[in-house]
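Fold and contact review
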Amino acid sequence: MTIETGLMRAVLLLGAAAVPAMPAAVQAAETDYSVHIPAGPLDGALKALANQTGRQLLYTSALVAGRTAPALGGRFTPEAALARLLGDAPIAVRAVSPSVFVLEAKTPAPRAKPSAPPRPAKPRADGSAARAGTPANDPETIVVTGSNIRGARPAAPVIRIDRTDIDRSGYASVAEVLAALPQSFGGTGSEDTSITGIDRSIVNSGFGSSANLRGLGSDATLTLVNGRRLAGSGSNADFSDISSVPLIAIDRIEVLPDGASALYGSDAVGGVVNIILKRDPTHWETRARIGTVTKGGAQDYLLAQTGGAAWSGGQLVAAYEYQHRDALAASARPYAASFDLRPLGGDDFRTTYAYPGTILRLDGPSGSLLPAFAIPAGQDGTALAPGDFTSGANYYNFREGADILPEQTRHSGWVSAEQRVGDIRLFAEGRYSHRRFAFLSPASVALLPVTAANPWFVSPTGSAFDYIGYAFGPEIGPARSTGRVESWSTVGGAVWSPGGDWDIEVSGGYAQERTRNVYENLVNQTHAFEALGTIPDDPATAWSTARDGYFNPYSAVPFNGADVLDFIAEGFSREYVKSRLATADVKADGTLVSHADGDIRLALGAGVRREFLDRRGSSFYSGTTPATLQPVDADRSVRAVFAELSVPIVGAGNARAGLQRLDLSAAVRHERYSDFGHTTNPKLGLVWSPLQGLDLRGSWGTSFRAPGLREIGDPLNVSATQLATPAGGRMTAISLGGGNPDLDPERAHSLSLGARFAPARAGFSAEVNLFETRFRGRIGRPAYEDLSRVLLDPDFAPFLRFIDAANPDDVAYVEALIAHPGSMVSGSLPVSAFQVVVDGRYANTARVVVRGLDVQLAQRWTLGSGEASLALSGTWLTDYKRRITTAAPMSDKVATVGFPSDLRVRTSAGWNRSDVGLTLTMNYVDGYADPLSTPARKVDAGTTFDAQLRYSPQDVTWAEGLTLALSVQNLFANDPPFVNNSFGVGYDPANADPSGRQVSLQLSRRW
């Protein structure tokens, strides 16, 4: 699809969606506005007034907490409407521009330097965010996500998800909230893509959840909490686990879907997710939630509490949240229960490593192990004759007994304290999370070389030995995975206001995440070979075939005893990962030059951070004693300096027709790394307001992602695997993994052009944004990430070395790999068993180009005794072009399996009154192609509906602040669109959710 065609379809989509909400004719700006606001909390009334008049109202939640506003209807000036809503409340209004009003207490505390000019308040535009350390009672310290300057208007779009949006979604975690965004992609760093094996780009050893904007990768989306980085998650510490943040503590989430390394440094290529936590100490809330899927029995429970205290010049806010969710078995979903997808219209992806087993033969020309004979069913393997075998193969469902979502239990807490001392504001906050997970994964399969040393050996061809493809699942059961993730962070500092509107902030922080992951009930290859008699009895093991007997690989009914099975299943893998992050920063911002048309403002600062990664572990896949994993003990330092300038070229003093406002912004950041070099990234932005209510904006910048510590320094590791061949068989391969000390940073150029229209009409706004990101030098492991096709696609040829067992150089090469300290390959296998070596180490090989269009529409109006609302958010991807190696051509992956869909839309309709509310949401993912199937297939579009019904009793003393919410996700229990997936799940985990219909009931009380 060309970009022109894609944009035309997107424009048509925008036009069709906007028809019912757009006014018949856009009126010129008027003094009076049509205002319709029901009686209720003052906070909600002020937000409604801002929406209906296009004004920006800047105030703190503490200022309006507990206050109510009367109903208001008719035509008013914004000033008159605001005065009526405030009534006799002790709140003063200060106009800092024709469209921006600051609300503050009428008796503010005197400043230490009263002679200094008052600091101009900054507009609370989309994306406003309180910095860590900003007290809830100070409205002048608001910082914008997308800028380091307080009150600046970002030229890039910022998507804001406020507390009301979160509550009305019915979701129970931050991950669910972000996954619903059309700009998000679920293909990496999520529970189901990790547990099903779809995602091989992120080593999600703790089975956390991450943000992934534009499909550029979880490691290319920077996640912040209160503007601060998190410690890295996973075995590589290369993404942020958003599941560690308690949902009840969140005030809002701000998403900047644009490159922002000039502001935030490394990783901000796809964009930035900034999670802003609550600052209101007077807001106490208790929550209890119970939910369940309606098929499969997986239930979840949540208990949460927030609270705080305030005193003269200071405050404290705290939150705690507990959540438990059961595992979801693959057998509970027909499309995920079996590798045999023929009943769903797909192919049979079951393995010929089966129970009973399959006799395999080596095909000389192709080097593949092909099925030759099936061990007959219904016999115990003690009396087989060569003529009893049948030509062909047996098949095994590799997903038998496995889960597709893990059991998770989480405890999360957060506390923040602040104190003002004269012109200095002291702040500190801490966050802690402890999460346990458990699930069942596919059982072990093995290639068993069987000889006449086994008393039950019989060959259908009279050979002296045979290879048997064997599945141990029916005898030893699925593998078991358990683990825990513990993370905590702390930050503290001070903000000094020396005079004028300048602030100088000094802060330091420390964050840590520890992950422990254990896989058990795995086959130990050496134990299996010893029990077969393929290798002699080893006195170092507890087993003796002479004393204890042999394992019978020919049985098709229960025959092998528990003792020999326990001995074979003693294999395990244990991994311990600790990532740490220490930071120190200083930043100053304020007015550089005052001017009648607006102040020229400057932010500048410097920072240093230290990153640490420790990895330890052991494995027992083979051998007589566990092998110690090669330890990783890496660290580096990063030093940064940055500056940002905001210049109002046209403002109130020199505005004219067609040019009401023109703002220019420029930012630059330089970072120097101790382990690979340095990088400098600029960003330019322009916002033009040709008329009131219309902003046209554009931004351009460069971004980068630094190589991860393990991507640079990870030691070589060697393992064995089975790969599909063009001949239809399997080939035994050696797979290499590890770091690359010669890696360069990934680099990107981002361009954004957009418009926001909020005319002088009650509650309507429209926003459109064109974007492009060109990502080069992408770090990856192309061969490892697509092992299922590495022998089928010629693009992977640079990563393959085919082995000739008659070539001494090849033999020496393979023997050296097997003997390497990082090898997990059993030395009992002959070199002739391996036909190819796949190099899956990290390299700067990939290039990605993403283009598209974001659309957001919103309309609010009075309907009966309440307020109705409509909203639409959509993303149209016109291009997702990727080149996996420098020699490969660019190919467009948009709207293909495992990549972002070309169109995602989320539309909601709601009606709210003081005591009752209803929200209905539609989620749409456009159909896409499955080019991996033969012939290529079309994947149907997917549509699900969510609903929530809320009830808050009014005029009942004992029920004051009580809300009961019934939420249903996937209201009609629609299955994901079928995908003929070779991973043995009949859906695309990157673009669909296997949970099915989920029903939850939540009781909350605000105190």
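Structure shown above.
These remarks concern the structure in this document. Everything quoted here is computed from the prediction, not taken from an experiment.

1. Quick word on a nonpolar patch on the surface
On the surface, a cluster of nonpolar side chains totalling about 770 Å² of accessible area is made up of Ile290, Tyr301, Leu918, Leu949, Tyr951, Leu964, Leu966, Leu1001 and Leu1003. Of all the secondary structure elements, the ones that give two or more residues to the nonpolar patch are β49 (942-951), β50 (962-969) and β51 (998-1006). For Leu918, a relative accessible area of 45% gives the class partly exposed.

2. With respect to the nonpolar core
In terms of nonpolar packing, the biggest core is built from 48 residues, with Leu448, Phe472, Phe551, Tyr554 and Ile734 touching the most fellow members. Those elements that place two or more of their residues in this core are β19 (358-363), β20 (368-374), β25 (445-451), β26 (465-471), α10 (525-532), α12 (562-568), β37 (730-737) and α15 (808-819). Not counting the four nearest positions on each side in its chain, Phe472 is found in contact with Ser444, Ala446, Leu448, Gly477, Val523, Phe551 and Ile568. Grouped together as the second largest cluster of nonpolar side chains are 31 residues, Ile166, Ile253, Leu302 and Trp414 included.

3. Section: unusual backbone geometry
Pro356 follows Tyr355 through a cis peptide bond whose omega is -5°. As for its position among the elements, Pro356 is in the loop between β18 (328-329) and β19. Look at the link from Thr934 to Pro935: it is a cis peptide, with omega at -5°. On the secondary structure map, Pro935 appears in the loop between β47 (928-930) and β48 (937-939). In this structure, Ala237 takes a positive phi of about 50° despite not being glycine. Within the secondary structure, Ala237 is located in the loop between β12 (228-229) and β13 (250-256). The class of Ala237 is partly exposed, set by a relative accessible area of 25%. The residue Asp955 is not glycine, and still its phi comes out positive at about 60°.

4. Quick word on the packing of aromatic side chains
A ring pair, where both rings are aromatic, is described by two values, the distance of the centres and the angle of the planes. Using the criterion set out here, one finds 19 aromatic pairs in the structure. Ring centres of Tyr355 and Tyr470 lie 6.0 Å apart, and the angle between their planes is 85°; on these two criteria the pair is classed as edge-to-face. Here Tyr470 lies in strand β26 and Tyr355 lies in the loop between β18 and β19, a separation of 115 residues in the sequence. For the pair Tyr355 and Tyr470, one class covers both residues: buried. One cation-aromatic arrangement involves Arg580 over Phe612; the distance from NZ or CZ to the ring centre is 4.4 Å. The side chain of Arg1005 reaches across the aromatic face of Trp1007, ending 4.4 Å from its centre.

5. A few points about the pattern of salt bridges
Evaluated as defined, the whole model comprises 56 salt bridges. Measuring nitrogen to oxygen at the nearest pair gives 2.9 Å for the salt bridge that ties Arg410 to Glu321. Here the residue Arg410 occupies a position in strand β23 (residues 407-421), and Glu321 occupies one in strand β17 (residues 314-325), the gap between them amounting to 89 residues. A relative accessible area of 1% means that Glu321 is categorised as buried. A salt bridge links Arg801 to Asp810; the shortest N-O distance between them is 3.0 Å.

6. Quick word on the pairing of β20
Taken across its seven residues, β20 has six buried, putting it largely inside the fold. In the sheet, β19 pairs with β20 via six bridges, with the strands oriented antiparallel. Each residue of the ladder has a partner; that of Asp363, found in β20, is Ser368. Both β20 and strand β21 (residues 390-391) contribute to a ladder of two bridges, which runs antiparallel. Across the sheet, Phe373 pairs through a bridge with Ser391, a residue of β21.

7. Focus: the pairing of β49
Bridge count for strand β46 (residues 916-925) against β49 is ten bridges, and the pairing is antiparallel. For Leu920, the partnering residue across the bridge sits in β49 and is Ala947. Here β49 pairs with β50 via five bridges, running antiparallel. Note on β50: the bridge partner recorded for Ala947 is Val968.

About the cut-offs
- Residues numbered from 1 in each chain as written.
- Predicted model: local features only at pLDDT ≥ 70, side-chain atom pairs only at ≥ 80, totals over all residues.
- Heavy atoms only, no water.
- Patch = residues over 30% accessible without salt bridge, like charges linked within 9 Å, V, L, I, M, F, W, Y side chains within 5 Å.
- Areas by Shrake-Rupley, 256 points an atom, 1.4 Å probe, with all protein chains shown as cover.
- Salt bridge = Lys/Arg side-chain N within 4 Å of Asp/Glu carboxyl O.
- Helix = DSSP H or I, 4+ residues; strand = E, 2+ residues; numbered from the N terminus.
- Buried < 20%, exposed > 50% of the residue type's maximum accessible area, 1.4 Å probe, protein only.
- Core = buried A, V, L, I, M, F, W, Y, C linked by side-chain atoms within 4.5 Å.
- Contact = heavy atoms within 4.5 Å.
- Phe/Tyr/Trp six-rings, centres within 6.5 Å; stacked < 30°, edge-to-face > 60°.
- Lys NZ or Arg CZ within 6 Å of the ring centre and 35° of its normal.
- Pairing = 2+ DSSP bridges.

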